[in-house]
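# Examining the three-dimensional arrangement
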Amino acid sequence: MTKRRVVILLGPPGAGKGTQASRLSAALSLPHVSTGDLFRENKAQGTALGKQAQEYMDAGKLVPDELVLDMLFDRIAHADCAGGCLLDGFPRTLPQAEALALRLSGVEVHALNLRVPDAALVERLTGRRTCGACGNIHHVRYSPPKQEGSCDKCGGALVVRSDDRLETVTRRLAVYREQTLPLEGWYRQRGVLSEVDGDRAADLVFSDLVRAATAVGAA
Ligand code: AMP
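A short tour of the structure in this document, coming up. By convention here, each chain's residues receive numbers from 1 onward along its written sequence. Thresholds applied to this predicted model are a pLDDT of at least 70 for local features of residues and 80 or more for the giving and counting of side-chain atom pairs; totals over whole chains, interfaces and linings are not thresholded and use all residues. In computing side-chain values, all of the structure's heavy atoms are included and hydrogens and water are not.

## Things to note about the pairing of strand E5 (residues 128–131)
- When DSSP finds at least two bridges between two strands, those strands are taken to pair. Only DSSP runs of H or I with at least four residues qualify as helices, and only runs of E with at least two residues qualify as strands; both kinds are numbered from the N terminus onward. Pairing of E5 with strand E6 (residues 137–139) involves three bridges; the strand directions are antiparallel. Bridge pairing in E6 links Arg-129 to His-138.
- Hairpin connection of E5 to E6: five residues between the antiparallel strands, including Gly-135 at a positive phi of 85°.
- Pairing analysis gives two bridges linking E5 to strand E7 (residues 158–159), with the strands arranged antiparallel. Opposite Thr-130, over in E7, you have Val-159 as the bridge partner.

Structure below.
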């Protein structure tokens, strides 16, 4: 039987979890599971869950745990997650971390925490432009598209995600501090937390993440 391994990418909104997770997923051969993406897919498909989640997302609030947990556990029960997965944006509350630990008892879990100062987070988030067609992310300053307003990957229209507006970003950061930050201590206490400085060029951050994940995976 293949050993199951779950890597959790922790960090505030805007720390670069989504961008790093796509690359890291390939490097570690683990499927990338993002609860934010799952909610956005539900929203795009007009499901009841998508509609329920939308009001919380647009307000910069967390979607209630019961809605998140069912969706996430359904997703990680798929065959592609049999060998493990890379979680991005989950868990975000202590009850979510506890529910995951129960679900994964006996599975090797490792949390990578991306640290980025607050001022940098606001600039990163409000400058973000997301492709409405393929989800690719550009940034007005750090990765501008070749042609303004169009995605480099697929040519789709770039938009400001409703939760990347300034007032929503401020709210998301406050929610992060209150509800998600305690997870650092939770995973540190369990001896499975690695800290990575996320306030550097994306390539440097990426190689540190791979090193941290590989060091523990090989242990
Ligand atoms: P993200 O793309 O990870 O920043 O997620 C976008 C939004 O989806 C968040 O601001 C929350 O409203 C919601 N969301 C995503 N993951 C979770 C989670 N684990 N718990 C609660 N809400 C979530």
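Back to the text.
## With respect to helix H2 (residues 35–44)
- Of the positions making up H2, those classed as buried are Thr-35, Gly-36, Leu-38, Phe-39 and Asn-42. Angularly, the buried residues of H2 cover 165° about the axis, an arc narrow enough to put them on a single face.
- Contacts between residues were defined by any pair of non-hydrogen atoms, one from each residue, lying within 4.5 Å. Those residues of H2 that are buried lie in contact with strand E2 (32–34), helix H3 (48–58), helix H4 (65–76) and strand E3 (84–88).
- Residue Gly-46 follows H2 closely and has a positive phi angle near 70°. Here the term buried applies to any residue with accessible area under 20% of the maximum for its type, exposed to any over 50%, and partly exposed to those in between, with areas from a 1.4 Å probe on protein chains only. Starting at the helix axis, one direction is taken to each C-beta atom, and the arc is that of these directions.

## Observations regarding the pattern of salt bridges
- Salt bridge criterion: a side-chain nitrogen from Lys or Arg within 4 Å of a carboxyl oxygen from Asp or Glu. One pass over the full model with this rule turns up 19 salt bridges.
- Across the pair Arg-40 and Asp-37 runs a salt bridge whose closest N-O atoms are separated by 2.8 Å. One end of the pair is Arg-40 and the other is Asp-37, both in helix H2 and three residues apart, which spans about a single turn.
- Among the salt bridges present, the one from Asp-164 reaches Arg-128, with a minimum N-O distance of 3.1 Å. Of the two residues, Asp-164 sits in the loop between E7 and helix H7 (166–180) while Arg-128 sits in strand E5, which places them 36 residues apart along the sequence.
- Arg-128 gets classed as buried once you look at its relative accessible area, which sits at 16%.
- A single network of salt bridges, built from pairs that share partners, joins Arg-115, Glu-184, Arg-188 and Glu-195.

## Here's the deal with the packing of aromatic side chains
- Stacked, edge-to-face and tilted labels apply to pairs of Phe, Tyr and Trp rings (six-membered ring for Trp) whose centres lie within 6.5 Å, assigned for plane angles under 30 degrees, over 60, and everything in between, in that order. Applying the stated criterion to the full structure yields one aromatic pair.
- Between Trp-186 and Tyr-187 the ring centres are 4.9 Å apart and the planes differ by 80°, which places this aromatic pair in the edge-to-face class. Neither Trp-186 nor Tyr-187 differs from the other in exposure class; each is buried.
- A positively charged side chain is recorded as over a ring if its NZ (Lys) or CZ (Arg) lies within 6 Å of the ring centre. The angle to the ring normal must also be within 35 degrees. Positioned above the aromatic ring of Phe-206, the side-chain terminus of Arg-23 is 4.0 Å from the ring centre.

## Description of the site of the ligand
- Taken together, 16 residues surround the ligand, and among them Thr-35, Arg-40, Lys-61, Gly-89 and Gln-96 come closest.
- In the analysis that follows, any N or O atom pair within 3.5 Å is treated as a polar contact, provided that within protein one partner can donate a hydrogen and the other can accept it, and provided that, for residues neighboring in sequence, both atoms belong to side chains. Here an oxygen atom of the ligand and a side-chain polar atom of Arg-40 are 2.8 Å apart.
- A distance of 3.4 Å separates an oxygen atom of the ligand from a polar atom in the side chain of Arg-161.
- For the shell around the ligand, the element with the highest residue contribution is H2, accounting for four residues.
- Looking at side-chain class alone, the shell around the ligand contains six nonpolar, four polar and six charged residues. The cutoff for a nearby residue is simple: one of its non-hydrogen atoms must lie within 4 Å of the molecule or strand. Three classes are used, and their members are as follows: Ala, Val, Leu, Ile, Met, Phe, Trp, Tyr, Cys and Pro are nonpolar, Asp, Glu, Lys and Arg are charged, and the others, Gly among them, are polar.

## A look at the sheet that holds E7
- Taking strand neighbours across the sheet as the criterion, the three strands line up as E6-E5-E7 in an open arrangement whose pairing is antiparallel. What marks the edges here is a single partner per strand, and that holds for E6 and E7.
- Here an angle of 0 to 180 degrees is reported between the N-to-C directions of two axes, which are lines fitted to C-alpha atoms, with helices fitted over the stretch in contact. Set on the sheet, helix H6 (residues 118–126) makes contact with E5 and E6; between it and E5 the angle comes to about 40°.

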